[in-house]
Each structure stands twice: as C-alpha cells, then as structure tokens.
Amino acid sequence: AQSVTQLDSHVSVSEGTPVLLRCNYSSSYSPSLFWYVQHPNKGLQLLLKYTSAATLVKGINGFEAEFKKSETSFHLTKPSAHMSDAAEYFCVVSDTDGTYKYIFGTGTRLKVLA
Amino acid sequence: DAGVTQSPTHLIKTRGQQVTLRCSPISGHKSVSWYQQVLGQGPQFIFQYYEKEERGRGNFPDRFSARQFPNYSSELNVNALLLGDSALYLCASSSRQGTYEQYFGPGTRLTVT
C-alpha cells in the first residue's frame, strides 16, 4: 500500500532563512509524488510533482524537492522563506490501484517569523 | 480558463439532514474526485468518477454517494448527517483517468450542528 509520512507537524523559520519540510514515502512501485500548499480557508495548490523523470524537481514560488529512492524521501526545500509562504503543506503519493487517487500526508504547518 | 468550481462555499446543516455538494471540473476534464478534509488532518479520498462511472471509492459509509453528469460536473450527497461529517469537502478534476495531476477547487465547508 502507498503511504506518505510527514515528519514534522509544525515548522517555524525566520524570513529569509531556508525552509525544509520532510516527507518519507512507502511504495511498492515507482511512485508519483506531489507537494501541495493550502493557505487558510483556501483549496489546494500544486507546488511540484515527481513522476519518474528528473530526481530534482523545481516548482512554483522557488520551491524544489529531491526524490531519493535510497532514502525513500521527497523533502521540500526553499532557499529563502517569505512571509507569504506561511501555510499548510501536504506531501501526496498517487495510488497504484488504477484510480491514481491521492493519498495525503498529515500536513506540515509552516510558520514564518518576521 | 476557469478552474474547478464548487458550490456552495459554506453551509450549515442539522444532524440527520441530507446535503448535496456540487462541483464543476475544468473544461475538458473528464475525471472528478471528492475528498473530505477534517480540521487538522489531510484530505481523505471519498469517490472518483470518470466518464460518468464510479471508478473508485474510499472507506466511507453508504450514507455518502455521488454521481457525474454528461457535462462531467458532479454532485456529492451525504444522508443522515452526523456531527463527524463536519469538514471541508474538496473536489478535484483531471483530464483523464490515469493522469497523475489533479486540480482542486476551493472546497465546501460543511458544518453539522
């Protein structure tokens, strides 16, 4: 069965410092992995996706993630946090049962301090 | 182009009542999925429809049902509402089944009192 584990429920960083949000996955197959962001009272916005192409994936708003098969990880990073990055972030794996339904992690709330 | 739209934005219902939530996918998208997001948790898969047929169902009771119309819009129905059904209900569309990328609407916030 596919699953993702987000290792931190809350992360706080100062504005201008790097961001690291950690995600480990479990998959019997080569997974399709995503990071989504959810701002308060908003829907989900796709940041980036990995679908077995390049292992370093660049997304929107300066975010990127690296797929590491040996570590079963897909951590999200950004070199310099901005106040507008404060939000909930979800790591997602696409199921392999034919539906490609999303299986979400529990989320990481990012707080950016001025 | 318009994104995924959902209606209503918010609604309040009483225990035991029934509710219908609506979703219009991105133009040209034929697959619609529904997710439930309880406060403080990640979304959970409820249903997937493709070409008007149910293609997947999550671990939800039979009180939850859905359908997809010829124009690919979709409705989610929940009967005999419980307090625990209070959540944000998200609709996502994709261009076809077997496409990894899903696009989400803003959600419908359901409060059951």
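Each remark here, short or long, concerns the structure printed above.
Let me begin by describing the structure that accompanies this report.

Let us look at the overall build of chain A. In terms of regular secondary structure, chain A is built from zero helices and 12 strands. Ordered by position in the sequence, the α and β elements of chain A form the string β-β-β-β-β-β-β-β-β-β-β-β. Scaling as 2.2 N^0.38, a compact globule of 114 residues should have a C-alpha radius of gyration of about 13 Å, and chain A matches this with 14 Å. Once the C-alpha set of chain A is aligned to its principal axes, its extents read approximately 45 × 30 × 20 Å. Across the 114 residues that make up chain A, the buried fraction comes to 45%. Within chain A, contacts between residues at least 6 apart in sequence are counted, and of these 56% link residues at least 24 apart. Per element, the accessible surface of chain A, about 5400 Å² overall, is 51% carbon and sulfur.

What follows concerns the state of the cysteines. One pass over the full model with this rule turns up two disulfides over all chains. Two residues, Cys23 of chain A and Cys91 of chain A, share a disulfide whose sulfurs are 2.0 Å apart. Here the disulfide of Cys23 of chain A and Cys91 of chain A is left-handed, its torsion about the S-S bond being about -65°. Of the two residues, Cys23 of chain A is situated in strand S4 (residues 23-26) and Cys91 of chain A in strand S10 (residues 87-94); the sequence distance between them amounts to 68 residues. Across a sulfur-sulfur distance of 1.8 Å, Cys23 of chain B and Cys91 of chain B are joined as a disulfide pair. Taking the sign of the S-S torsion, -65° for the link of Cys23 of chain B and Cys91 of chain B, the bridge is left-handed. With Cys23 of chain B in strand S3 (residues 19-24) and Cys91 of chain B in strand S9 (residues 87-94), this residue pair connects regions lying 68 residues apart in the sequence. Residue Cys23 of chain B shares its accessibility class with Cys91 of chain B, and that shared class is buried.

As a further point, take the pairing of S10 of chain A. Residue and element names in this part refer to chain A. With eight of eight residues buried, S10 lies mostly within the body of the structure. Sheet topology note: the strand S5 (residues 33-38)/S10 ladder contains six bridges and is antiparallel. Across the sheet, the residue bridging to Trp35 is Cys91, located in S10. With three bridges joining them, S10 and strand S12 (residues 108-113) adopt antiparallel strand pairing. The residue bridging Tyr89 from the neighbouring strand is Thr108, located in S12. Here S10 pairs with strand S11 (residues 102-104) via three bridges, running antiparallel.

With that out of the way, let us pick up the interface of chain B and chain A. Contacts between the two partners involve 22 residues from chain B and, on the opposite side, 21 residues from chain A. Buried area between chain B and chain A, both sides added, is near 1600 Å², and the carbon and sulfur share of it is 58%. For the interface between chain B and chain A, the tally reads one salt bridge. One salt bridge connects Lys49 of chain A with Glu101 of chain B, and the closest N-O pair in it is separated by 2.3 Å. At the surface where chain B touches chain A, the tally comes to five residue pairs in polar contact (both at pLDDT 80 or more). Grouping the constituent residues of the side of chain B that touches chain A by class yields eight nonpolar, 11 polar and three charged.

Scoring rules and cut-offs
- Residues numbered from 1 in each chain as written.
- Chains lettered and ligands numbered in written order.
- Predicted model: local features only at pLDDT ≥ 70, side-chain atom pairs only at ≥ 80, totals over all residues.
- Heavy atoms only, no water.
- Helix = DSSP H or I, 4+ residues; strand = E, 2+ residues; numbered from the N terminus.
- Rg over C-alpha atoms; globule rule 2.2 N^0.38 Å.
- Buried < 20%, exposed > 50% of the residue type's maximum accessible area, 1.4 Å probe, protein only.
- Contact = heavy atoms within 4.5 Å.
- Areas by Shrake-Rupley, 256 points an atom, 1.4 Å probe, with all protein chains shown as cover.
- Disulfide = S-S within 2.5 Å.
- Pairing = 2+ DSSP bridges.
- Buried area = accessible area lost by both parts, 1.4 Å probe.
- Salt bridge = Lys/Arg side-chain N within 4 Å of Asp/Glu carboxyl O.
- Polar contact = N/O pair within 3.5 Å; in protein donor to acceptor, adjacent residues only side chain to side chain.
- Nonpolar A, V, L, I, M, F, W, Y, C, P; charged D, E, K, R; others polar.

By themselves, these observations are geometric and do not establish any function.
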